[in-house]
Amino acid sequence: MRFLLALLLLAPGAVDTQNGNGDANGAGVAVAGSRTRSVNYLLDGTENNETFATGPGTLVPVDAIEEFKIQANSMTAEFGRNSTQANVVTKSGTNRFHGAASEFYRGAALSTQPIEEKVNSLPKSNYVRNVFGAALGGPIIKNKTFFFGAFEGTRVRSTGQNFDYVPTQNFF
């Protein structure tokens, strides 16, 4: 998975609350016993909080990240607001050109058929997900002016079935 906030789950005491109990508040990660809304997201040292969804306001392409740091419960006064800080530092240009390109592919050919389709003798549905990106940085004027830019896109193509279950008389 190419999602930066999944790194939150690597912090000591971090718990995925979205999948376990249906908690849809915040990014779905509680750290060190705090609520999921108690994560302060910082981007290059400035506040990056989405007010209404209680997650990061701006998602940065993975190839543009230089550093990711989690602090819980013991930070200095400069990190006010919440008990957990997720600080993202982005890359910058240098005197040398540097770049990266990436492609994450998830296709139907590489996955199994869902059980609902197998049971109902339906053909395997098509699901293709591509997450692609590129980053490039370098000098404009040597030792004075630099640039860095990054892009990440997602393309999903799928066909599938929706299944609803209705209890029969035998169920009651």
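Residue positions within a chain follow its written sequence, with the count starting from 1. Where local features are concerned, this predicted model is filtered to residues with pLDDT of at least 70; where side-chain atom pairs are given and counted, the filter is 80 or more; whole-chain, interface and lining totals use all residues. Where side-chain values are given, they derive from all heavy atoms of the structure, hydrogens and water being excluded.

A.B. asks: Break down the nonpolar core for me, with residues and values.
C.D. replies: With nine residues, the main nonpolar core is built from L5, L8, A11, A14, V29, V31, V39, Y41 and A86. Secondary structure counts use DSSP, requiring at least four H or I residues in a row for a helix and at least two E residues in a row for a strand, with both numbered from the N terminus. For this core, the elements supplying multiple residues, two or more each, are β2 (29-31) and β3 (39-43). Contacts are residue-level and defined by heavy atoms, with any inter-residue pair within 4.5 Å sufficient. Among all residues touching L8, those that are not within four sequence positions of it are A14, V29, Y41, F68, I70 and A86. Only buried Ala, Val, Leu, Ile, Met, Phe, Trp, Tyr and Cys residues count toward a nonpolar core, and they belong to the same one when joined by side-chain atoms within 4.5 Å. Only protein chains enter the accessibility calculation, which uses a 1.4 Å probe; a residue is then buried when its area is under 20% of its type maximum, exposed when over 50%, and partly exposed in between.

A.B. asks: Please set out the sheet that holds strand β8 (residues 84-90) residue by residue, giving values where relevant.
C.D. replies: Strands are treated as partners if at least two bridges between them are detected by DSSP. Across the sheet, four strands lie side by side as β4-β3-β8-β7; this open sheet has mixed pairing. Of all the strands in the sheet, the pair left with one neighbour each is β4 (46-47) and β7 (65-72).

A.B. asks: Go over the sheet that holds strand β11 (residues 145-158), please, and point to the residues and values.
C.D. replies: Across the sheet, which stays open at both edges, the three strands sit in the order β9-β10-β11 with antiparallel pairing between neighbours. Looking along the sheet, the strands with just one partner apiece sit at the ends: β9 (98-107) and β11. Recorded for the sheet is a direction-independent mean angle of 5° between the axes of neighbouring strands. To obtain an axis, a line is fitted to C-alpha atoms, over the contacting stretch when the element is a helix, and the angle between two such axes runs from 0 to 180 degrees between their N-to-C directions.

A.B. asks: Now, about the packing of aromatic side chains: what can you tell me, with residues and values included?
C.D. replies: Any two rings among Phe, Tyr and Trp, with Trp reduced to its six-membered ring, count as a pair given centres within 6.5 Å; such a pair is stacked if its planes are under 30 degrees apart, edge-to-face if over 60, and tilted if neither. Applying the stated criterion to the full structure yields two aromatic pairs. On the basis of an interplanar angle of 45° and a centroid distance of 6.1 Å, the ring pair of F132 and F151 is categorised as tilted. Here F132, found in strand β10 (residues 127-141), pairs with F151, found in strand β11; they are 19 residues apart in sequence, far enough to count as distant. F151 gets classed as partly exposed once you look at its relative accessible area, which sits at 48%.

A.B. asks: For the confidence of the model for the chain, give the residues involved together with the corresponding values.
C.D. replies: Averaged over every residue, the pLDDT of the chain is 83; residues scoring 70 or more account for 93%. Looking over the chain, one finds the lowest element-wise mean pLDDT in helix α1 (residues 17-21), namely 64, and the highest in β10, namely 93. By definition, pLDDT measures how confident the predictor is in each residue, and it falls between 0 and 100.

A.B. asks: Go over the pairing of β11 with me, naming the residues and quoting the values.
C.D. replies: In terms of strand pairing, β10 meets β11 through 14 bridges, oriented antiparallel. If you follow Y127 over to β11, its bridge partner there is S158. What sits between the antiparallel neighbours β10 and β11 is a turn of three residues, in which N143 has the positive phi angle 65°.

A.B. asks: If you had to explain the side chain of S38 to someone new, which residues and values would you point to?
C.D. replies: The residue S38 is located in the loop between β2 and β3 in this model. Sequence-distant contacts of S38, that is, excluding residues within four places in its chain, are made with N82, S83 and T84.

A.B. asks: Which residues make up the environment of N49, and what values do they have?
C.D. replies: As for its position among the elements, N49 is in strand β5 (residues 49-50). For N49, the residues in contact, after removing those within four places along its chain, are V39, N40, Y41, G55, G57 and R81. Among the polar contacts made by the side chain of N49, one reaches the side chain of N40 at a distance of 2.7 Å. Two N or O atoms form a polar contact when they lie within 3.5 Å of each other; inside protein one atom must be a possible hydrogen donor and the other a possible acceptor, and for residues adjacent in sequence the pair counts only when both atoms belong to side chains. A distance of 2.9 Å separates a polar atom in the side chain of N49 from the backbone nitrogen of Y41.

A.B. asks: Describe the side chain of D63, and please don't skip the residues or the numbers.
C.D. replies: With respect to the secondary-structure elements, D63 resides in the loop between β6 (55-56) and β7. Side chain to side chain, D63 and S102 meet in a polar contact 3.1 Å long.

A.B. asks: Go over the pairing of β8 with me, naming the residues and quoting the values.
C.D. replies: Burial analysis of β8 places five of its seven residues in the buried class, which makes it a mostly covered element. Summarising the sheet, β3 and β8 pair through five bridges and their orientation is parallel. The residue of β8 that forms the bridge with V39 is T84. By the bridge criterion, seven bridges tie β7 to β8 in an arrangement that is antiparallel. From the neighbouring strand, E67 faces β8, where its bridge partner is V89.

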